[in-house]
Amino acid sequence: MKLLSFAIPCYNSKDYMEHCIESILPGGDDVEIIIVDDGSKDETAAIADRYAAEYPDIVKAVHQENGGHGEAVNTGLKNATGKYFKVVDSDDWVDLDSYKKILDKLREFEQENTQIDMLLANYVYEKEGAKRKKVMRQTGFPRNEIFTWSDIKHIYKGHYILMHSVIYRTELLRSCGLKLPKHTFYVDNIYVYKPLPYVRTMYYLDVDFYRYFIGRDDQSVNEQVMIRRIDQQIRVNKIMFDDVKLHEITNEMCRKYMYSYLEIITTISTILAIISGTDENMAKKDELWAYMKEHDEETYKKLRHGVM
């Protein structure tokens, strides 16, 4: 068994995927890199095959028909043999020094026969043209120690874990039934959110590990792109709302954290509709709220009357 599996979803990624792969290769034989070619039409498949041939003990190349980012993550998880699992998008990369510290910590857990469900680290916005890099830390979580939900003293409004921050135990992702929808953007929120009630032990290593590139005009987090894709944002919002019945979560702090997470996602859906300025999108916003009220009025009321 490998210690850590990386899945790299790739779609027409020939211009930047090598930088991503090269940043992960220093992990050596403790890691595996699963390059998922999601039906690319450029040289992505050939690059993936070349790395798999050059590093047969580390790199796997998996080719599939185009299914979108979520299906590529599903494929990566299905093929993973590592105890822990991490997704790195093909235009992002990892910091070498932080990477070494994370692997050292995971090895230490193995040597001590200690199992954690989730390891958290920081991510850095690598915004094109920006001189200062914004570091996103895990506000409110204990640092450099194993902790549980009950050890968290305060939930900060506006803070939520992104896919960039998290390494999950592979078997936990499988046992919670995680399966991301095809051909849908913003599924990284489902990826983080759905497993949280199954998480018992966590560790926050305060290192700037993940480098999140911001700058492409077609990037899914571009505001105008998000407005054009509001149907997919709302679809993800509904899946998150349906997948976990929050009032059934017994741990109070986990429940509070997940309410806060869902509140943020619902606020994003609502604000995108408002700033779009179209009657069509305002109707979609109203339909989302009506859907939540119909399917879980208790959670609906808490979201509707919350601060955000």
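Up top you'll find the structure we're talking about.
Summarised in this report is the structure supplied together with it. Predicted model only: the values in this text are computed from it and were never measured. (Residues numbered from 1 in each chain as written. Predicted model: local features only at pLDDT ≥ 70, side-chain atom pairs only at ≥ 80, totals over all residues. Heavy atoms only, no water.)

### A short note on a nonpolar patch on the surface
- Residues I271, I274 and I275 make up a contiguous nonpolar surface patch of roughly 250 Å² in combined accessible area.
- Considering the arrangement of structural elements, one finds I275 in helix 9 (residues 252-276). (Patch = residues over 30% accessible without salt bridge, like charges linked within 9 Å, V, L, I, M, F, W, Y side chains within 5 Å. Areas by Shrake-Rupley, 256 points an atom, 1.4 Å probe, with all protein chains shown as cover. Salt bridge = Lys/Arg side-chain N within 4 Å of Asp/Glu carboxyl O. Helix = DSSP H or I, 4+ residues; strand = E, 2+ residues; numbered from the N terminus.)

### Details of helix 10 (residues 279-295)
- If you check helix 10, its first and last C-alpha atoms are 24 Å apart, about what 17 residues at 1.5 Å a residue would give, namely 24 Å.
- Every buried residue of helix 10 is accounted for by N281, K285, L288, W289, Y291 and M292. Here the buried residues of helix 10 occupy an arc of 155 degrees about the axis, which is enough to place them on one side. For helix 10, exposure combined with an orientation more than 90 degrees from the buried face picks out D279, E280 and E294. (Expected span 1.5 Å × (residues − 1). Buried < 20%, exposed > 50% of the residue type's maximum accessible area, 1.4 Å probe, protein only. Arc of directions from axis to C-beta.)

### Examining helix 3 (residues 68-79)
- Its 12 residues give helix 3 an end-to-end C-alpha distance of 17 Å, which sits within 8% of 16 Å, the value for a rise of 1.5 Å per residue.
- A large share of helix 3 lies buried, amounting to 9 of its 12 residues.
- Every buried residue of helix 3 is listed here: G68, G70, E71, A72, V73, N74, T75, G76 and L77.
- Buried residues along helix 3 sit against strand 1 (4-10), strand 2 (31-38), strand 3 (59-64), strand 4 (84-87), helix 5 (170-175) and helix 6 (188-193). (Contact = heavy atoms within 4.5 Å.)

### Some points on the pattern of salt bridges
- If you walk through the whole model with that rule in mind, you get 21 salt bridges.
- A salt bridge links E126 to K133, with the shortest nitrogen-to-oxygen separation between them at 3.0 Å.
- Exposure remark for E126: the relative accessible area of 12% places this residue in the buried category.
- Residue classification places K133 among the partly exposed positions, given a relative accessible area of 39%.
- The salt bridge involving K301 is made with E297; its shortest N-O contact spans 3.9 Å. Taken together, the residues span about one helical turn, with K301 and E297 both in helix 11 (residues 297-304) at a distance of 4 residues.
- The partly exposed category is assigned to E297, whose relative accessible area is 40%.

### Side note on the nonpolar core
- Core analysis: the biggest nonpolar cluster contains 62 residues, and F85, M118, W149, Y168 and Y191 have the highest contact counts within it.
- When near neighbours in sequence (up to four residues on either side) are disregarded, F85 contacts L4, S5, A7, V73, G76, L77, A80, I167, Y168, T170, L173 and Y191.
- If you look at the next biggest cluster of nonpolar residues, it comprises 40 residues, including I8, M17, Y84 and Y203. (Core = buried A, V, L, I, M, F, W, Y, C linked by side-chain atoms within 4.5 Å.)

### Quick word on the packing of aromatic side chains
- Tallied over the entire structure, the rule returns 15 aromatic pairs.
- Seen from their ring centres, F6 and Y99 are 5.7 Å apart, and the 85 degrees between their planes marks the pair as edge-to-face. Linking F6 in strand 1 with Y99 in helix 4 (residues 96-111), this pair joins segments that are 93 residues apart in sequence. In this pair, the class of F6 matches that of Y99, namely buried.
- Ring centres of F185 and Y186 lie 6.1 Å apart, and the angle between their planes is 50 degrees; on these two criteria the pair is classed as tilted. (Phe/Tyr/Trp six-rings, centres within 6.5 Å; stacked < 30°, edge-to-face > 60°.)

### Structural notes on the environment of I152
- Here I152 shows up in the loop between strand 8 (146-147) and strand 9 (166-169).
- Given the relative accessible area of 2%, I152 is considered buried.

### What about unusual backbone geometry?
- Phi is positive for H183, close to 50 degrees, though the residue is something other than glycine.
- Its location among the elements puts H183 in the loop between helix 5 and helix 6.
- Even without a glycine there, the phi angle at Y186 is positive, about 70 degrees.
- You can call Y186 buried: its relative accessible area is 8%.

### Some thoughts on the pairing of strand 9
- Along strand 9, one buried face is formed by V166 and Y168 and the opposite face, lined by I167 and R169, is buried too.
- Judged from the 2 bridges that link them, strand 4 and strand 9 form a sheet pairing that is antiparallel. When the bridges of strand 9 are listed, F85 appears paired with Y168.
- With 3 bridges joining them, strand 6 (residues 118-127) and strand 9 adopt antiparallel strand pairing. Within strand 9, the position partnered with L119 by the bridge is I167. (Pairing = 2+ DSSP bridges.)

### Digging into the pairing of strand 4
- Of the two faces of strand 4, the one holding Y84 and K86 and the one holding F85 and V87 are both buried throughout.
- In terms of strand pairing, strand 1 meets strand 4 through 4 bridges, oriented parallel. Looking across to strand 4, one finds that A7 is bridged to V87.

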